[in-house]
Amino acid sequence: MRKIVVYELLSLDGVAEDPDQFITDWDDALDANLAAVIATQDAVILGRRSYDEWARFWPSSEIQPFATFINGVAKYVATSAPLDREWTNATVVDGDLVEFARALKNRPGEDIGVHASISLAQALLAADVVDELRLVIAPRIVGSGRRLLDGLPSTRLQAIRSTTSPTGHLLVDYRPIR
């Protein structure tokens, strides 16, 4: 069975909104970590806001390896409205998000990524369909902004990997204990 993998950039105090304000020292370890995450994925589920922002930026971006990945991968967009901007391999999620995610996990393929979409990641975490949580935690306290883990039910996690990048970012992977 495929895995749903949430990959998020966070501040030390858990803020996930606008990571450009706290991820300021990208290094080779962060590049390698991202490359390892996307190397196992052949689909992503995005929220509407992330889709709209990314569909404007990534098609003309040369930031590798993510540009090649995100422009070519199957993109499933959780939205109730038609997409305003076309982007290769993008499809609107038809129906309930959690049911769709469960059905997608049962189809043949590789891992399914959830990148940058805070509300979507929260909904999938709350429904217990996320198999791995891969976090990049910046050595910054932001103080305000939307936090990834706010409002979620109590969940036990098992650490499956942790390391520190040369610029002090924590690279931490967790698996929910079921």
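Keep in mind it's a predicted model, so treat the numbers as computed, not measured.

Chemist: Outline the pattern of salt bridges, supporting the account with residue identities and numerical values.
Modeler: On inspection of all chains with the given rule, the structure shows 11 salt bridges. When the shortest N-O distance is used, the salt bridge between arginine 2 and aspartate 42 registers 2.5 Å. Remark: aspartate 42 occurs in strand β2 (residues 41-47) and arginine 2 occurs in the segment before β1 (4-11); sequence separation between them is 40 residues. Look at aspartate 42 and you get partly exposed, because its relative accessible area is 29%. Taking the shortest distance from any N to any O, the salt bridge between aspartate 128 and arginine 178 comes out at 3.1 Å.

Chemist: Give me the nonpolar core: which residues, what numbers.
Modeler: Core analysis: the largest hydrophobic core is formed by 27 residues, its most contacted members being Ile4, Ile45, Tyr76, Val114, Leu124 and Leu148. Beyond its immediate chain neighbours, meaning those up to four positions away, leucine 148 contacts Glu8, Leu10, Gly14, Ala16, Ile118, Ala121, Gln122, Leu133 and Leu135. In terms of nonpolar packing, the next biggest core, distinct from the first, is built from 25 residues, Leu9, Phe66, Val77 and Trp87 among them.

Chemist: Any details on a negative patch on the surface? Residues and values, ideally.
Modeler: Where like charges cluster on the molecular surface, the negative patch consists of Glu17, Asp18, Asp20 and Glu53. For glutamate 53, the position within the fold is in helix α2 (residues 48-57).

Chemist: Can you lay out the environment of isoleucine 45 for me, pointing to particular residues and giving the numbers?
Modeler: Within the secondary structure, isoleucine 45 sits in strand β2. By relative accessible area, isoleucine 45 is classed as buried at 0%. Those residues in contact with isoleucine 45 that sit more than four places away from it in its chain are Tyr76, Leu97, Phe100, Ala101, Leu104, Ile112, Gly113, Val114, His115 and Leu120.

What counts, and at which threshold
Throughout this description, residue numbers start from 1 for each chain and increase along the sequence as written. Side-chain atom pairs in this predicted model are given and counted only at pLDDT of 80 or more, local residue features only at pLDDT of at least 70, and totals for whole chains, interfaces and linings cover all residues. Side-chain measures here rest on the full set of heavy atoms in the structure, leaving out hydrogens and waters. A pairing counts as a salt bridge when a side-chain nitrogen of Lys or Arg comes within 4 Å of a carboxyl oxygen of Asp or Glu. Numbering of helices and strands runs from the N terminus; a helix is a DSSP stretch of H or I covering at least four residues, while a strand is a stretch of E covering at least two. The cut-offs for exposure are 20% and 50% of the maximum accessible area for each residue type, with area from a 1.4 Å probe on protein chains only; residues under the lower value are buried, those over the upper are exposed, and the others partly exposed. Here, the term nonpolar core denotes a set of buried Ala, Val, Leu, Ile, Met, Phe, Trp, Tyr and Cys residues that are joined through side-chain atoms within 4.5 Å. The contact criterion used throughout is that any non-hydrogen atoms of two residues lie within 4.5 Å. Like-charged residues are merged into a patch within 9 Å and nonpolar side chains (Val, Leu, Ile, Met, Phe, Trp, Tyr) within 5 Å, provided each residue has over 30% relative accessible area and no salt bridge. Surface exposure here means Shrake-Rupley accessible area, sampled with a 1.4 Å probe, where a residue is shielded only by the protein chains that are shown. As used throughout, the charge tally considers Lys and Arg to be positive and Asp and Glu to be negative, leaving His and the chain termini uncounted. Lysine's charge is taken at NZ, arginine's at CZ, aspartate's at CG and glutamate's at CD.

Nothing here speaks to function; it is geometry throughout.
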